Amino acid sequence: MLFHRQPILTESDVVLGRQAVGRAMAEVGAREVRRIRLVTAVSEIFRNALRYGGGGEAVIFLDRVTKAVLVECRDNGPGIEDTALAMRDGYTSGKGLGMGLGGAQRLTDAFELHSRPNEGTRVRMMSRA
């Protein structure tokens, strides 16, 4: 079920998106530690969409039956040339520590990254309560 749709065009949108993910996790009865893990993961991905993708959109779904929250974030930026390299800890295309994508993956129950140069990036993450 669609829970929330959030444009990611400003830093305030990142915050609103994080809050919506936290509410969605609460709706499925997630413990606080599970909520914090997913909120931390989406924060990284939403900021990447803003910083590297020029903005995008996040869509949050929840499934009360399986007690899961699915978040999809898309941008229309330059894309990622080598996604395997980008997922490695220590790799950064900016000034960060290079823990973002891999760290986000470790914080979720399921994580998919799809990107091609000049086609933008789509990240799907799922966590259960």
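Just so it is clear, the model here is predicted, and its values are computed rather than measured.

Take the pairing of strand β2 (residues 56–63) next. Pairing between strand β1 (residues 2–8) and β2: 6 bridges, direction antiparallel. Bridge assignment links Gln6 to a residue of β2, and that residue is Ala58. Taken together, β2 and the strand that follows it, strand β3 (residues 68–75), pair antiparallel across an intervening segment of 4 residues, in which Lys67 is found at a positive phi of about 55 degrees.

For helix α1 (residues 11–27), which comprises 17 residues, the first-to-last C-alpha distance of 25 Å matches the rise-based estimate of 24 Å (1.5 Å per residue) to within 8%. Contact partners of the buried residues in α1: β1, α2 (32–51), β2, β3 and β5 (121–128). Among the residues trailing α1, Gly29 stands out with phi positive, at a value near 80 degrees.

Moving on, we get to the pattern of salt bridges. Applying the stated criterion across every chain, the model contains 7 salt bridges. With its nearest N and O atoms 2.4 Å apart, the salt bridge here joins Arg124 to Glu72. On the criterion of sequence distance, the pair formed by Arg124 in strand β5 and Glu72 in strand β3 is long-range, its members being 52 residues apart. Judged by its relative accessible area of 12%, Glu72 is buried. Each of Glu72, Arg74, Glu112 and Arg124 takes part in one network of salt bridges that share partners.

This part takes up the sheet that holds β1. Strand order in this open sheet of 5 strands is β1-β2-β3-β5-β4, and the pairing throughout is antiparallel. The outermost strands of the open sheet, each flanked by one partner alone, are β1 and β4 (110–115). This sheet shows a mean twist of 10 degrees between the axes of neighbouring strands, independent of strand direction. Running at roughly 165 degrees to β1, α1 makes contact with β1, β2, β3 and β5 of the sheet.

Relative to the helices and strands, Thr121 is located in strand β5. Ignoring sequence-local partners within four residues, the contact set of Thr121 consists of Cys73, Arg74, Asp75, Gly79, Ile80, Leu113, His114 and Ser115.

What follows deals with the environment of Lys67. Within the element layout of this structure, Lys67 appears in the loop between β2 and β3. Judged by its relative accessible area of 45%, Lys67 is partly exposed. The spatial distance from the C-alpha of Lys67 to the C-alpha of Thr40 is 19 Å, given a sequence separation of 27 residues. When near neighbours in sequence (up to four residues on either side) are disregarded, Lys67 contacts Val28, Ser127, Arg128 and Ala129.

Our focus in this paragraph is α2. The end-to-end C-alpha separation of α2 is 28 Å, in line with the 28 Å expected for 20 residues at 1.5 Å each. Looking at α2, one finds that the buried residues are Arg34, Leu38, Val39, Ala41, Val42, Ser43, Ile45, Phe46, Asn48 and Ala49.

We now examine the nonpolar core. By size, the foremost hydrophobic cluster in this structure holds 30 residues, and its most contacted members are Phe46, Val69, Val71 and Met125. Per-element tally for this core: the top contributor is α2, with 7 residues. Excluding residues within four positions of it along the chain, Val71 makes contact with Val21, Leu38, Val42, Phe46, Val59, Ile60, Val123, Arg124 and Met125.

Cut-offs applied
- Residues numbered from 1 in each chain as written.
- Predicted model: local features only at pLDDT ≥ 70, side-chain atom pairs only at ≥ 80, totals over all residues.
- Heavy atoms only, no water.
- Pairing = 2+ DSSP bridges.
- Helix = DSSP H or I, 4+ residues; strand = E, 2+ residues; numbered from the N terminus.
- Expected span 1.5 Å × (residues − 1).
- Contact = heavy atoms within 4.5 Å.
- Salt bridge = Lys/Arg side-chain N within 4 Å of Asp/Glu carboxyl O.
- Buried < 20%, exposed > 50% of the residue type's maximum accessible area, 1.4 Å probe, protein only.
- Axes fitted to C-alpha atoms, helices over the stretch in contact; angles between N-to-C directions.
- Core = buried A, V, L, I, M, F, W, Y, C linked by side-chain atoms within 4.5 Å.

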